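For reference, the chains in residue letters:
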Amino acid sequence: MTVSAFLASRMWIRGRRAQTVAVALTAASLAAAAGPAAADGGADPAGTKPTVVVVHGAFADASGWNGVVERLQRDGYKVMAPANPLRGLAGDSAYIAGVLKSIRGPIVLAGHSYGGAVISNAAAGNPQVKSLVFVSALMPDKGERLSDLSARFAGSELNAALKPVPFPEADGKEGVDLYIQPDRFHDVFAADVPSGTTAVMAATQRPISGAAFMETAAAAAWKTIPSWALVATRDKAIAPDLERFEAKRAKSHTVEVDSSHVAMMSHPDVVADLIRQAAGDRTPAKSLMAPTGTSAVVLACIGGFTGVTVLTGAGLVAAARRRRVTKGGPDAAL
C-alpha cells in the first residue's frame, strides 16, 4: 500500500468515527427530549411516589375528583377514589380505613368537605398515611360534633338549602337523608361550575344521612400527620372562616383559592399541585423536567443540528487533508 493510500484509509476511518460520534450525540439529544416518560410511561423510575387516595364528601360522588385524578395519573401517581358510604362518620371512617389497609406503601390521603372528617378519623393509627390534604373540608377535633363545628362560624347557606327525605332503617327505625334542593345546588355548592354541569350533579347527588352530622369524631389524625389545606374563599357550603380556623388549628400548609365549595372541579390544577406538595414533590412541572411536544421537538432539532455539525466538520477536515496529501506529498498531512 502506498503512503497516500494508507493516509486516505486512515482519514476514512476517522470520518467513520466522527459519524459514529455524531449519531451517538443525536441519539442522546433525542433521548433527553423524550425524558423519563418515554422509558417508563411516565411512572416514577425509583417507584417512590405514594399512592394518592381521594375521598369525596356529601351530595357528591368520586367523579368530582376526575380532573385531579387525571392530572396526578399523568404525573405517574397511583390514585384511588373510593366511594364514601355517607351513612355516618364512624361507619364511613371504618370503611375508608379498610381501603387504606389494602394499599401497600406510603399514602397521601385527601378529603373534600365531609370527606375531610372521614379521612381524619380513618388515618388515625395508620403509619402508611404520610400526609393529609383537606379541600374546603371539615376537620373536627377528637370529641367534636360535626353539627357544632359547622355552626361555629357564619357564612354557610347549606342548612337553608337542604331537603330532608325520610327512609326506613334496617332495624325499623326512621332515618333521614339530606339532599340539596336542585334549584339551590348551583349557587350553594358549585357556583363556579357551568350550570349545565351542576344540573346533572344535582340530579345525581348522593345524599348523606342526617345522623352523620350528629356524631362526634373519634380521632383527629391531623394532630400527628402533616397536613395541607385549601380554603375556598367563595364557599357557601362550609364557611371560609371555618376552613381558615381549622387549617390554623391543625397547623396545615394552607392556600386560599377564589373558588366555590368544589375547588377540585373548578380549580383541578391548584388542588393537584397541593397534593403533589403533600407527596413531597418539589420539582418543577413534568413539562419542564421531561419535555414533550414542542419542547421535545426543539431539543431533538438541537441534537440533530449537533450531529450534522460534527458530520460536516469531519467531512471538511477529511477533504482538507485529502487536498494536502495530494498537493504536498505524504509528509504534508503529518
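Residues numbered from 1 in each chain as written. Predicted model: local features only at pLDDT ≥ 70, side-chain atom pairs only at ≥ 80, totals over all residues. Heavy atoms only, no water.

Draft legend 1. Here's a closer look at the packing of aromatic side chains. Taken as a whole, this structure holds 4 aromatic pairs when the rule is applied. Ring centres of F153 and F245 lie 5.5 Å apart, and the angle between their planes is 45 degrees; on these two criteria the pair is classed as tilted. With a gap of 92 residues between them, F153 in the loop between α5 (146–150) and α6 (158–161) and F245 in helix α9 (residues 240–249) connect regions that are remote in the sequence. Assessed through its relative accessible area of 28%, F153 is described here as partly exposed. Overall, F245 belongs to the partly exposed group, its relative accessible area being 23%. Centroid distance F185 to F189: 4.9 Å. Interplanar angle 45 degrees. Geometry classified as tilted. Of the two residues, F185 and F189 both sit in helix α7 (residues 182–189), 4 residues apart, roughly one turn of that helix. Ring pairing ties together the aromatic residues F59, F185 and F189, which thus form one cluster. The ring of Y77 carries the charged tip of K49 above its face, separated from the ring centre by 4.3 Å. (Phe/Tyr/Trp six-rings, centres within 6.5 Å; stacked < 30°, edge-to-face > 60°. Helix = DSSP H or I, 4+ residues; strand = E, 2+ residues; numbered from the N terminus. Buried < 20%, exposed > 50% of the residue type's maximum accessible area, 1.4 Å probe, protein only. Lys NZ or Arg CZ within 6 Å of the ring centre and 35° of its normal.)

Draft legend 2. Layout of the packing of helix α3 (residues 89–101) against helix α4 (residues 114–122). Orientation of α3 relative to α4, taken along the N-to-C sense of each, is 60 degrees, at an axis distance of 8 Å. The angle between α3 and α4 falls in the class oblique. Seen from above, α3 lies across α4 with right-handed handedness. For the pair α3 and α4, the contacting residues are L89, D92, S93, I96, A97 and L100 in the first and Y114, A117, V118, N121 and A122 in the second. Partitioning the contact of α3 with α4 into residue classes produces 8 nonpolar, 2 polar and 1 charged. (Axes fitted to C-alpha atoms, helices over the stretch in contact; angles between N-to-C directions. Parallel < 35°, antiparallel > 145°, perpendicular 65-115°, else oblique. Left-handed = near helix turned anticlockwise from the far one by under 90°. Contact = heavy atoms within 4.5 Å. Nonpolar A, V, L, I, M, F, W, Y, C, P; charged D, E, K, R; others polar.)

Draft legend 3. Region of the structure containing the nonpolar core. Formed by 77 residues in total, the largest nonpolar core has its most connected members in F59, W65, L109, L132 and I275. Those residues in contact with I275, other than ones at most four positions away along the chain, are V52, V54, W65, V68, L72, V108, A110 and V133. (Core = buried A, V, L, I, M, F, W, Y, C linked by side-chain atoms within 4.5 Å.)

Draft legend 4. Highlighting the environment of G76. Position of G76 among the secondary structure elements: in the loop between α2 (66–74) and β2 (78–80). Along the primary structure G76 and P50 are separated by 26 residues, whereas in three dimensions their C-alpha atoms are 9.8 Å apart.

Draft legend 5. Region of interest: the sheet that holds strand β6 (residues 174–180). Read across the sheet, 3 strands follow the order β5-β6-β7 without closing on themselves; strand pairing throughout is antiparallel. Since the sheet does not close on itself, it has two edges, and those belong to β5 (162–168) and β7 (208–209), each with one partner. As judged from the 7 bridges shared by β5 and β6, these two strands associate in the antiparallel manner. Within β6, the residue paired with F167 across the bridge is G175. (Pairing = 2+ DSSP bridges.)

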